[in-house]
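Listed below are the residues making up each chain.
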Amino acid sequence: MTYSTLEIERAGQVATVWMNRPELHNAMNEHLIADLTAAFRILNEEAGVRVIVLAGRGKSFSAGADLDWMRRAAGYSEAQNLDDARKLAAMLKGIYRSKKPVIARIHGAAMAGGTGLTAVCDIAIATDAAKFALTEVRLGLIPATIGPYVADAIGPRQARRYFLSAERIDAATAERIGLVHEVVPAEALDTRIAELASELVRGGPHALSAAKELLADLRQGSPLDDTLLDDTAHTIAATRVTDEAREGLAAFFDKRPPQWVNN
């Protein structure tokens, strides 16, 4: 598939989705949203792709919403705005619910919607010069579609502060509050991403997807919830009898890599 706003690079079992609007700091508009939606849908179905990296060309990861897009949206009816917002929400959901692990490669600005893109990825690695912000209230808006993911990443208490203050969040603070997992020097960013990707491909493809589903169940429950605990017992029992688990255990006892690593 041809994309007007993206470049897709493949290296072994890793696909990197490059947002490619460097002159606009990869600001989001309807075309980038549509391309990201399609790219993640396609990559999720490619058996040869085990890990997806989301990255930005140029000086920034993503500076948020494209100003021209925002200007046009200001003239939309409520129905048109709803259609627009639902497409953005669907794109974010598609990345967050990817069957495959997604790593955010963050450098430069990751503002507003760029902060949202950071939060929907499973793992976020940023350079020490990266910067984030939830600036919507300063425009009379709110971070609604990205809100569930950002609040989930940093917790409701931190979200309350940054949704309201719209202050800049430096890389060290982003790591401290849980928005990103690691901060590295710019020259180490790609090496660290490659190291993480190599660790992720060692996991069973179905196990990685199931682990993400398990996390969703755990978020709704508690160790005091007997139904949840029984559900987890059923889940591991069903997982143990799958071909993937049997191969993984056999490989462990045989002291060899499982077939999905060789593939």
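Bear in mind the structure is a predicted one, so any value in this text is a computation, not a measurement.

Cut-offs used in this document
- Residues numbered from 1 in each chain as written.
- Predicted model: local features only at pLDDT ≥ 70, side-chain atom pairs only at ≥ 80, totals over all residues.
- Heavy atoms only, no water.
- Patch = residues over 30% accessible without salt bridge, like charges linked within 9 Å, V, L, I, M, F, W, Y side chains within 5 Å.
- Areas by Shrake-Rupley, 256 points an atom, 1.4 Å probe, with all protein chains shown as cover.
- Salt bridge = Lys/Arg side-chain N within 4 Å of Asp/Glu carboxyl O.
- Lys, Arg positive; Asp, Glu negative; His and termini not counted.
- Charge placed at Lys NZ, Arg CZ, Asp CG, Glu CD.
- Helix = DSSP H or I, 4+ residues; strand = E, 2+ residues; numbered from the N terminus.
- Buried < 20%, exposed > 50% of the residue type's maximum accessible area, 1.4 Å probe, protein only.
- Pairing = 2+ DSSP bridges.
- Axes fitted to C-alpha atoms, helices over the stretch in contact; angles between N-to-C directions.
- Parallel < 35°, antiparallel > 145°, perpendicular 65-115°, else oblique.
- Left-handed = near helix turned anticlockwise from the far one by under 90°.
- Contact = heavy atoms within 4.5 Å.

1. Some words on a negative patch on the surface
Step number 1: Together, Glu213, Asp217, Asp226, Asp230 and Asp231 make up a negatively charged patch on the protein surface.
Step number 2: Elements represented by at least two residues in the negative patch include exactly helix H9 (205-220) and helix H10 (226-240).
Step number 3: At three residues, H10 tops the list of elements feeding residues into the negative patch.
Step number 4: If you trace the backbone, Glu213 turns up in helix H9.
Step number 5: Residue class for Glu213 comes out exposed when judged on its relative accessible area of 52%.

2. Things to note about a nonpolar patch on the surface
Step number 1: Together, Leu214, Leu215 and Leu218 make up a nonpolar patch on the protein surface, roughly 250 Å² of accessible area in all.
Step number 2: Tracing the backbone through its elements, the reader meets Leu214 in helix H9.

3. Observations concerning the pairing of strand S1 (residues 6-11)
Sheet faces and side chains relate simply in a regular strand, where the side chains alternate between the two faces.
Step number 1: Across six bridges, the pairing between S1 and strand S2 (residues 14-19) is antiparallel. Each residue of the ladder has a partner; that of Ala11, found in S2, is Val14.
Step number 2: Where S1 folds back onto S2 in an antiparallel hairpin, the turn is made up of two residues, including Gly12, whose phi is positive at roughly 65°.

4. Re the pairing of strand S4 (residues 102-106)
Step number 1: Within S4, five of the five residues are buried, which leaves it mostly tucked inside the rest of the structure.
Step number 2: Residue alternation in S4 divides its side chains into two sets, Val102, Ala104 and Ile106 and Ile103 and Arg105, and both sets are buried.
Step number 3: Here three bridges tie strand S3 (residues 51-56) to S4, and the two strands are oriented parallel to one another. Looking at the pairing, Leu54 lines up with Ala104 of S4.
Step number 4: Two elements, S4 and strand S6 (residues 123-127), share four bridges in a ladder whose sense is parallel. Each bridged residue has a counterpart across the sheet, and for Ala104 the counterpart in S6 is Ala124.

5. Some words on the packing of helix H1 (residues 30-45) against helix H3 (residues 78-96)
Step number 1: Viewed as axis vectors pointing N to C, H1 and H3 meet at an angle of 30°, and their least axial separation amounts to 9 Å. One finds that H1 runs roughly parallel with respect to H3. The handedness of the crossing between H1 and H3 comes out as left-handed. In this structure, H1 contributes Ile33, Leu36, Thr37, Phe40 and Asn44 to the contact, and H3 contributes Lys87, Leu88, Met91, Gly94 and Ile95.

6. Overview of the sheet that holds S6
Step number 1: Strands sit in the order S1-S2-S3-S4-S6-S9 across an open sheet of six strands; the sheet is mixed. Each end of this open sheet is capped by a strand with a single partner; those strands are S1 and strand S9 (182-184). Adjacent strand axes in the sheet meet at a mean angle of 20°, parallel and antiparallel pairs treated alike.

7. Some details on the pattern of salt bridges
Step number 1: In this structure the tally under the stated criterion is 18 salt bridges.
Step number 2: Between Arg256 and Glu247 there is a salt bridge, with the nearest N and O atoms lying 2.8 Å from each other.
Step number 3: With relative accessibility at 14%, the residue Glu247 sits in the buried group.
Step number 4: When the shortest N-O distance is used, the salt bridge between Arg256 and Asp254 registers 3.5 Å.

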